[in-house]
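Report on the structure
Spelled out from the first residue to the last, the chains are:
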Amino acid sequence: MGSDMGKIWCIVPAAGIGLRFGEERPKQYIPFRSSTIIDVTIKTLLSCSKLEKIIVCIHPDDEYAQKSDYINHPKVQVVIGGNERSDSVLSGIQSIQTDKADDDWVLVHDAARPCVRLADINRLIKAAQIHQQGAILAAPIHDTVKEVVNQLAVNTLDRTRLWRALTPQLFKLKDIQTALLSENENSYLMTDEASAIEQLGLPVRIVEGHADNIKITVPADLQLANMYMDQQEEKSCG
Ligand code: C5P
């Protein structure tokens, strides 16, 4: 087991338009805790001293990023994302020009996950560093999960083997770059970076994270996220 780790570049895909949320503005710019969802997320990422830069990937027509509290922060850099999440992440990775080294890593975190805890980010980094393998935060599934076709349950999955993939997800820069370029060529269905790494046959280590690190997708998630943040603040004060 090694312990070397170069720089860790953080990529925040934020180029989605948030159709499922149903608001005019993309969900990451919805007001949240006297700020916005994305700014709460970036604030936590900035508190992680191990991250070299926070590269935020935005939509080409984005009108809101300029109003972010962190847009001019020296550690924050903005790039234009792409049509798919993987295009956005790849464009973030390809924007890293200077000081990029072979032992660098890339940590990807959804703009729409503001409840992530610094302690979980640090545990993820530690696991990747110790094992020198890609790693993701994930939470075990406790419900019974059905495969459904035309509103009929056709299969029940073995829940003892099922985990919800969260972010951050952390990979060696050269692995994730290769994986995303090959995903582009082969058009896999990819909703997280780990699936591209899996397609390459590389290991993805699972690090259990807090289940309250939810992705805000529909309006009800906002209330839940707010409650989770209250709880986190109460715990840190108490
Ligand atoms: O659509 P979903 O909620 O899975 O998106 C997860 C994250 O990926 C969001 O932060 C969204 O803004 C981002 N995304 C992106 N580029 C796209 C599509 C989604 O950066 N083309």
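Structure's up top.
Now for a description of the structure that goes with this document. (Residues numbered from 1 in each chain as written. Predicted model: local features only at pLDDT ≥ 70, side-chain atom pairs only at ≥ 80, totals over all residues. Heavy atoms only, no water.)

1. Brief notes about the nonpolar core
- One finds I54, V56, L107 and L170 to be the most contacted residues of the largest nonpolar core, which totals 34 residues.
- Contributing elements (two or more residues each) for this core: strand 1 (8–14), helix 1 (37–46), strand 4 (51–58), strand 6 (105–108), helix 3 (118–131), strand 7 (134–140) and strand 10 (163–172).
- The dominant element in this core, judged by the number of residues it contributes, is helix 3, at five residues.
- Membership of the second largest hydrophobic core comes to 21 residues, among which are I11, I93, A194 and A196. (Core = buried A, V, L, I, M, F, W, Y, C linked by side-chain atoms within 4.5 Å. Buried < 20%, exposed > 50% of the residue type's maximum accessible area, 1.4 Å probe, protein only. Helix = DSSP H or I, 4+ residues; strand = E, 2+ residues; numbered from the N terminus.)

2. Describing the pattern of salt bridges
- All told, the structure shown has seven salt bridges when counted by the stated rule.
- Two residues, R113 and D110, come together in a salt bridge whose shortest N-O distance is 3.0 Å.
- Residue R123 pairs with D120 through a salt bridge whose shortest N-O separation is 3.2 Å. On the criterion of helical spacing, the pair formed by R123 and D120 is a turn pair, its members being three residues apart in helix 3.
- Under the relative-accessibility criterion, D120 is labelled buried at 2%.
- Salt bridges sharing partners connect three or more residues here, namely R85, D110, R113 and E193. (Salt bridge = Lys/Arg side-chain N within 4 Å of Asp/Glu carboxyl O.)

3. Quick look at a negative patch on the surface
- On the surface, E23, E24, D61 and E63 cluster together into a patch of negative charge.
- Tracing the backbone through its elements, the reader meets E24 in the loop between strand 1 and strand 2 (31–32).
- When its relative accessible area of 81% is taken as the criterion, E24 is described as exposed. (Patch = residues over 30% accessible without salt bridge, like charges linked within 9 Å, V, L, I, M, F, W, Y side chains within 5 Å. Areas by Shrake-Rupley, 256 points an atom, 1.4 Å probe, with all protein chains shown as cover. Lys, Arg positive; Asp, Glu negative; His and termini not counted. Charge placed at Lys NZ, Arg CZ, Asp CG, Glu CD.)

4. Quick look at the site of the ligand
- Close contacts around the ligand come from 16 residues, with P13, A15, K27, S88 and K215 the closest.
- Between the ligand and E84, the relevant distance is 3.5 Å, taken from a nitrogen atom to a main-chain nitrogen or oxygen of the residue.
- Across the complex, the protein chains shield 84% of the 470 Å² of accessible surface that the ligand would expose by itself.
- Class assignment for the residues of the shell around the ligand results in five nonpolar, five polar and six charged. (Near = heavy atom within 4 Å. Polar contact = N/O pair within 3.5 Å; in protein donor to acceptor, adjacent residues only side chain to side chain. Nonpolar A, V, L, I, M, F, W, Y, C, P; charged D, E, K, R; others polar.)

5. Examining helix 3
- For helix 3, which comprises 14 residues, the first-to-last C-alpha distance of 20 Å matches the rise-based estimate of 20 Å (1.5 Å per residue) to within 8%.
- In this structure, the buried residues of helix 3 make contact with strand 1, helix 1, strand 6, strand 7, strand 10 and strand 11 (204–208).
- Trailing helix 3 by a residue or two, Q132 shows a phi angle of about 50 degrees, which is positive. (Expected span 1.5 Å × (residues − 1). Contact = heavy atoms within 4.5 Å.)

6. Examining helix 1
- Counting buried residues in helix 1 gives nine out of ten residues, a clear majority hidden from the surface.
- Where helix 1 is concerned, the buried positions are I37, I38, D39, V40, T41, I42, T44, L45 and L46.

7. Points about the sheet that holds strand 7
- With mixed pairing, the seven strands of this open sheet are ordered in space as 5-4-1-6-10-7-11. On the outer flanks of this sheet lie strand 5 (76–80) and strand 11, each paired with one strand and no other. This sheet shows a mean twist of 30 degrees between the axes of neighbouring strands, independent of strand direction.
- Sheet topology places strand 1 next to strand 6; four bridges connect them, and they run parallel. (Pairing = 2+ DSSP bridges. Axes fitted to C-alpha atoms, helices over the stretch in contact; angles between N-to-C directions.)

8. A short note on the side chain of E193
- Here E193 shows up in helix 5 (residues 193–199).
- Here E193 falls in the buried class, since its relative accessible area comes to 0%.
- Not counting residues up to four positions away in its chain, the partners in contact with E193 are R85, V89, V108, Q169, F171 and I176.

9. Side note on the packing of helix 2 (residues 85–94) against helix 4 (residues 173–186)
- One way to put it is that helix 2 packs onto helix 4 with a least axis distance of 10 Å and a crossing angle of 135 degrees. Judged by the inter-axis angle, helix 2 sits oblique to helix 4. Relative to helix 4, the crossing made by helix 2 is left-handed. On the side of helix 2, the interface is formed by S86, D87, V89, L90, I93 and Q94, while helix 4 contributes L173, I176, Q177, L180, L181, E183 and N184. (Parallel < 35°, antiparallel > 145°, perpendicular 65-115°, else oblique. Left-handed = near helix turned anticlockwise from the far one by under 90°.)

10. Quick notes on the side chain of N213
- As for its placement among the helices and strands, N213 is situated in the loop between strand 11 and helix 6 (219–237).
- Within the structure, the side chain of N213 is placed 2.7 Å from the backbone oxygen of T167, a separation counted as a polar contact.
- With residues near it in sequence (within four places) discarded, N213 still touches H109, R113, C115, V116, L137, L166, T167 and P168.

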